[in-house]
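Listed below are the residues making up each chain.
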Amino acid sequence: MSEVTVDIEAFRATFFEEADEHLVTFESGLLQLESTPNNGEVIGQIFRSAHSIKGASGTFGLNDVMTFTHALETVLDRLRSGELVYRADVATVLLASVDVLRALLEAARSGGAAPAEAVEVRLSLERLLSPAKPKDPPRRTMGVRFIPKPEFMSRGMDPLAILRDLGTLGDVLSREVDASHVPELRLLDPESCHLAFRVVVTTAATDEKIREVFEFVDDLCTYELREDTPEPAPRPTEAAQPEPETPDGRPAPLAPVAAPAAAPNAASTPHAPAATIRVATEKVDKLLDLVGEIVIAQAMIVEATRSESSDSAGRLNDALVAMDRHTRELQERVMSIRMVPIDSVFRRLPRMVRDVAESVGKKVKLVVEGETTEIDKSMVEQLADPLTHLVRNAVDHGLETAEERSKTGKPDEGTVFLRAFHQGGNVVIEVADDGRGLDTDAIRAKAERLGLIGPDAGLTDEQLHEFIFHAGFSTAAKVSDVSGRGVGMDVVKRNVEALNGSLSLTSERGRGANVRLRLPLTLAILDGLAVRVGSQTLVVPLLSVVEAFRPTQSQVREVVGACEVLDVRGRCIPIVRLHEIVGAFDAQRDPTRALVCIVEANGTHAALLVDDVLGQAQFVVKSLEANFRKVDAVMGATILGDGKVAMIVDVPALTRAASSSPVPVLTSAHTQARRPVVAQELQ
Amino acid sequence: MNPSATAAPTVLPGRGLYLSFSLAGDEYAVDILGVREIREICPITPLPQSPRHVRGVMNLRGAVVPVIDLRSALGLEETEYNKFTVIVVLSVHDRTIGFVVDGVSDVLSLDESAIERSLDLGARVDSSFVSGIGRTQERFVVLLDVERIVASDIPGGSIA
């Protein structure tokens, strides 16, 4: 019989995609078992995931994957039947198997070499089985008669795969083919299957176990199991010899499984290929309908412009209104396709928390809320790093050890909260812990040492917290030892700002810390305010605009040796001369004859000097980096209605720059911190 | 990356096709394989905080493409743009970049033997941007190395 060679590549791609999903279910199931080890439903679920991978990998002839999943499945089967208890050592091996399986699949996908740990982990898996071995049902000889229905192959099934699976259950004594039903050649349909098989196998597997082989082809074949009379054949040696057992029946100590070594492997895979997106057919159908409407609207426009009747202007207007409505709807629908649940980032974290907690010897519970919150797919990938960092920080530095916790009357187990929710057109993600909080004294000492603040600077706790986002803070001597935080927080902040989002932190000494990320729903389209500076049009993201007005002479103040500031209801806001930044020499230079647009980012305000405010609209964000590079003070470009390119200003960068202009004592870091200083000088 | 460029006419081994253009009265050329299109001068939006030769960005059918003034980049005397001024759009390091030139002249087929690779150009042009001098029957053409010209402007564009 020849192998069916359909377009197997397409199925392969689907297989890998599904296998990834099964692995995710598998992994999260395992983590769930940590808290509820006897949850039969979860065990069943992870068993099915492993089984599906095994079944499909057999179909595709991925023997490495199949052999491994087979071992895995056997362990899971024990778990399911209650013969094996989900203990910490079992968990470690199973989690390591997830990594190995992921690596094996990746190797199969890319044609690379199988990971070195595979054998080791498989042995560990088999070792888990050994104590239960005595309980094994005795090996018996089973005759399996397997009669595929004629449509078996045309449904994409391979009878050989079933035979192979049967072979994995034990030792095959004989295989027979019954070809008596094959019709004459001229009547033979090559896609029909007219064969029947009989396999005799010596196996320890239960009937149920054998039936599982047929689980996926249940409706496509008939089969019979019959116990053959035991033959006095020499007892075949088992593939996995029982490992030496410890006297009390517990498994032998496990070989050290390379979980930390495999972890980076696991982290890198999601970035690899698979730039696909799954969309409900319904959504696509709606899009198609909408495109139909747009074609009609477009025809109406053409018709209205060509017709010479007196009402053509009115009809053109109607057609344009319809077109406008449809375009907007199309935009929304397409955006909704790009929206995916944030779960795809969150689900990577429980595993990381577990590994970090284990390595630093802390008890940690991760509470995840709002994982169904939807966010633009392109942001998901870019969120993974900052979130991983924040969660790891919370576990590593934020939470105390169990001893410290019990001293302060907290429960031994620390909690890290991960929440996501929508709030006013934004996605908010919070990473909170109930740990020790930020040590403001240590931060102050460090800031003084770095010369960021004077010895007597009167700063609030919030202002001190801001320092952990300061670049020098993280790279200099180990701050994490004293302050509890600060490793790479500036990088996290920058990552979040690159997503056009903002980040804030609240912390109470001894009670924990809460980092809040606020992100736009999408990066592709931005609500913006178009402003004119000289002959240039610039776009200011609407989210950051507070107000726009023409200042009076009394509001504008110059601070000697520092920047110009604007007094807005008692607050001093530095003036940013946009025309100097963008090189518009024809712009109005006198603030009292121009307008100021007050913007805010991360709690810092700046007054942008502009000639005119043109109005608000939605702008499609185009990257400058695609063809050029990152440009300071600009977060991207957009194309205006007249076809010209306009710059979108980078408000966080501008406010940062404005607050870092020369001011005595405080050099950078934070405007709020320096505002009192400026105010004193003004009086 | 660039199907339009690979569709260039087949060339005999040892011969290359070059697009020549004029700058301040002299003739320059670039390898035609990198040329994506030639278009007339269009509105250019200045980019803040950029070197003088980066004139800004233009809208190339929805893509935002940087525009570099070649006269300025090569240290030649700058002039106003006129109706003959064109933008040669090149593909450099997988990026699309527009170069302003005085006008395009010709497509040249140059034999490698007709290209002088060791150069002494004097002080007129920064010779690090020049990959060779091509000779045809009646004229000399300066072959430019665009990758070097933009090396300082785009990340990853530096040449090992």
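Residues numbered from 1 in each chain as written. Chains lettered and ligands numbered in written order. Predicted model: local features only at pLDDT ≥ 70, side-chain atom pairs only at ≥ 80, totals over all residues.

Visitor: Could you clarify how one ought to interpret the overall build of chain B in this entry?
Guide: Secondary structure summary: chain B contains three helices and 11 strands in total. The order of helices and strands in chain B, counted from the N terminus, is α-β-β-β-β-β-α-β-β-β-β-β-β-α. Classification of the 160 residues of chain B by burial places 33% in the buried group. The contacts of chain B with a sequence gap of at least 6 include a subset with a gap of at least 24, amounting to 54%. (Helix = DSSP H or I, 4+ residues; strand = E, 2+ residues; numbered from the N terminus. Buried ≥ 20, exposed ≤ 12 C-beta atoms within 10 Å, placed from the backbone. Contact = placed C-beta atoms within 7 Å.)

Visitor: It is not clear to me how the overall build of chain A should be interpreted in this structure. Could you clarify?
Guide: In terms of regular secondary structure, chain A is built from 22 helices and 22 strands. Per-residue burial for chain A yields a buried fraction of 37% across its 683 residues. Here the contacts in chain A between residues at least 6 apart in sequence split such that 70% fall between residues at least 24 apart.

Visitor: What is the right way to look at the sheet that holds strand β12 (residues 525-533) of chain A in this model?
Guide: Within a sheet, each strand pairs with its neighbour through backbone hydrogen bonds, oriented either parallel or antiparallel. Residues and elements named next belong to chain A. Sheet architecture is open: five strands sit in the order β20-β12-β13-β22-β21, paired in mixed fashion. In the strand order of this sheet, the two ends are held by β20 (612-620) and β21 (634-639), each with one partner. The mean angle between the axes of side-by-side strands here comes to 35°, regardless of whether they run parallel or antiparallel. As judged from the five bridges shared by β21 and strand β22 (residues 645-649), these two strands associate in the antiparallel manner. Each residue of the ladder has a partner; that of T638, found in β22, is A646. (Pairing = 2+ DSSP bridges. Axes fitted to C-alpha atoms, helices over the stretch in contact; angles between N-to-C directions.)

Visitor: I'm lost on the interface of chain B and chain A in this one. Help?
Guide: Size of an interface, as often reported, equals the accessible area lost when the parts are brought together. Contacts between the two partners involve 21 residues from chain B, matched on the other side by 19 residues from chain A. Contributing elements (two or more residues each) for the side of chain B that touches chain A: β4 (54-60), β5 (63-69) and β7 (95-101) of chain B. Tallying contributions element by element places β5 of chain B first for the side of chain B that touches chain A, with four residues.

Visitor: What is the right way to look at the nonpolar core in this model?
Guide: The nonpolar side chains of a soluble globular protein tend to be buried, and buried together. All names here are of chain A. Core analysis: the biggest nonpolar cluster contains 81 residues, and L538, V540 and L608 have the highest contact counts within it. Ignoring sequence-local partners within four residues, the contact set of L538 consists of V531, V533, L578, V582, A646, M647 and V649. One finds L349, V353, L418 and I429 within the second-largest nonpolar core, a separate group that totals 44 residues. (Core = buried A, V, L, I, M, F, W, Y, C linked by C-beta atoms within 7 Å.)

Visitor: How do you make sense of unusual backbone geometry when you look at a structure like this?
Guide: What is expected of a backbone is that most residues other than glycine have negative phi and most peptide bonds are trans. Backbone geometry at R569 of chain A places phi at a positive 45°, although glycine is not the residue there. You can see R569 of chain A is positioned in the loop between β16 (564-568) and β17 (571-576). What makes R569 of chain A exposed here is the crowd of 5 C-beta atoms within 10 Å. Even without glycine at this site, Q49 of chain B takes up a positive phi of about 55°. Mapping Q49 of chain B onto the fold places it in the loop between β3 (35-40) and β4.

Visitor: Please clarify how the pairing of strand β9 (residues 426-433) of chain A should be interpreted in this entry.
Guide: A regular strand places its side chains so that they alternate between the two faces of the sheet. Residues and elements named next belong to chain A. Of the strand pairs in this sheet, strand β8 (residues 414-423) and β9 are connected by eight bridges, and their pairing is antiparallel. Residue pairing across strands places Q423 opposite N426, the latter belonging to β9. One ladder, built from eight bridges, connects β9 with strand β11 (residues 512-520); its direction is antiparallel. Note on β11: the bridge partner recorded for V428 is R518.

Visitor: What am I meant to see in the confidence of the model for chain B here?
Guide: Caution is warranted with low-pLDDT regions, since their predicted coordinates should not be read in detail. Residue and element names in this part refer to chain B. Here chain B averages 82 in pLDDT, while 82% of its residues score no lower than 70. Note that pLDDT drops below 50 for residues 1-9; the model gives that stretch 14 contacts with residues more than four away or on any other chain. Taken together, the chains of this predicted complex give a pTM of 0.52 and an interface ipTM of 0.80. (pLDDT = per-residue confidence, 0-100.)

Visitor: What is the right way to read helix α19 (residues 489-498) of chain A from this model?
Guide: An α-helical turn contains 3.6 residues, so any two residues separated by three or four positions project in the same direction. Residues and elements named next belong to chain A. Here α19 has its buried residues at M489, V492, K493, N495 and V496. On an axial view of α19, the arc spanned by its buried residues comes to 160°, and they lie on one face. Remark: N500 follows α19 within two positions and exhibits a positive phi of approximately 70°. (Arc of directions from axis to C-beta.)

Visitor: Help me out: how do you make sense of the pairing of strand β10 (residues 502-508) of chain A in this one?
Guide: Residue and element names in this part refer to chain A. Here seven bridges tie β10 to β11, and the two strands are oriented antiparallel to one another. Paired with S507 across the bridge in β11 is A513. The turn joining β10 and β11, which pair antiparallel and follow one another in sequence, is formed by three residues; a positive phi near 80° is taken by G510.

Visitor: What should I look at first to understand the environment of S659 of chain A in this one?
Guide: Mapped onto the secondary structure, S659 of chain A falls in helix α21 (residues 651-659). As for S659 of chain A and I575 of chain A, which are separated by 84 residues in sequence, their C-alpha atoms are 10.0 Å apart.

Visitor: Honestly, the sheet that holds β5 of chain B in this entry has me stumped. Any pointers?
Guide: Residue and element names in this part refer to chain B. One open sheet holds the five strands; their spatial order is β3-β6-β7-β5-β4, and the pairing between them is mixed. Only two strands of the sheet have a single neighbouring strand rather than two, namely β3 and β4. The sheet shows a mean angle of 30° between the axes of neighbouring strands, taken without regard to direction. One ladder, built from five bridges, connects β3 with strand β6 (residues 86-92); its direction is antiparallel. By the bridge assignment for β6, R39 is matched with I87.

Visitor: So what exactly am I meant to see when it comes to the packing of helix α3 (residues 63-81) of chain A against helix α5 (residues 117-129) of chain A here?
Guide: A packed helix pair is summarised by two numbers, namely the angle formed by the two axes and the spacing between the axes. Residue and element names in this part refer to chain A. Axis separation between α3 and α5 bottoms out at 9 Å; the angle between their running directions is 25°. One way to sum up the angle between α3 and α5 is to call them roughly parallel. By crossing handedness, the relation of α3 to α5 is classed as left-handed. Along its contact with α3, which presents D64, F68, A71, L72, T74, V75 and R78, the element α5 presents A118, R122, L125, E126, L128 and L129. Of the residues that constitute the contact of α3 with α5, the class distribution is eight nonpolar, one polar and four charged. (Parallel < 35°, antiparallel > 145°, perpendicular 65-115°, else oblique. Left-handed = near helix turned anticlockwise from the far one by under 90°. Nonpolar A, V, L, I, M, F, W, Y, C, P; charged D, E, K, R; others polar.)

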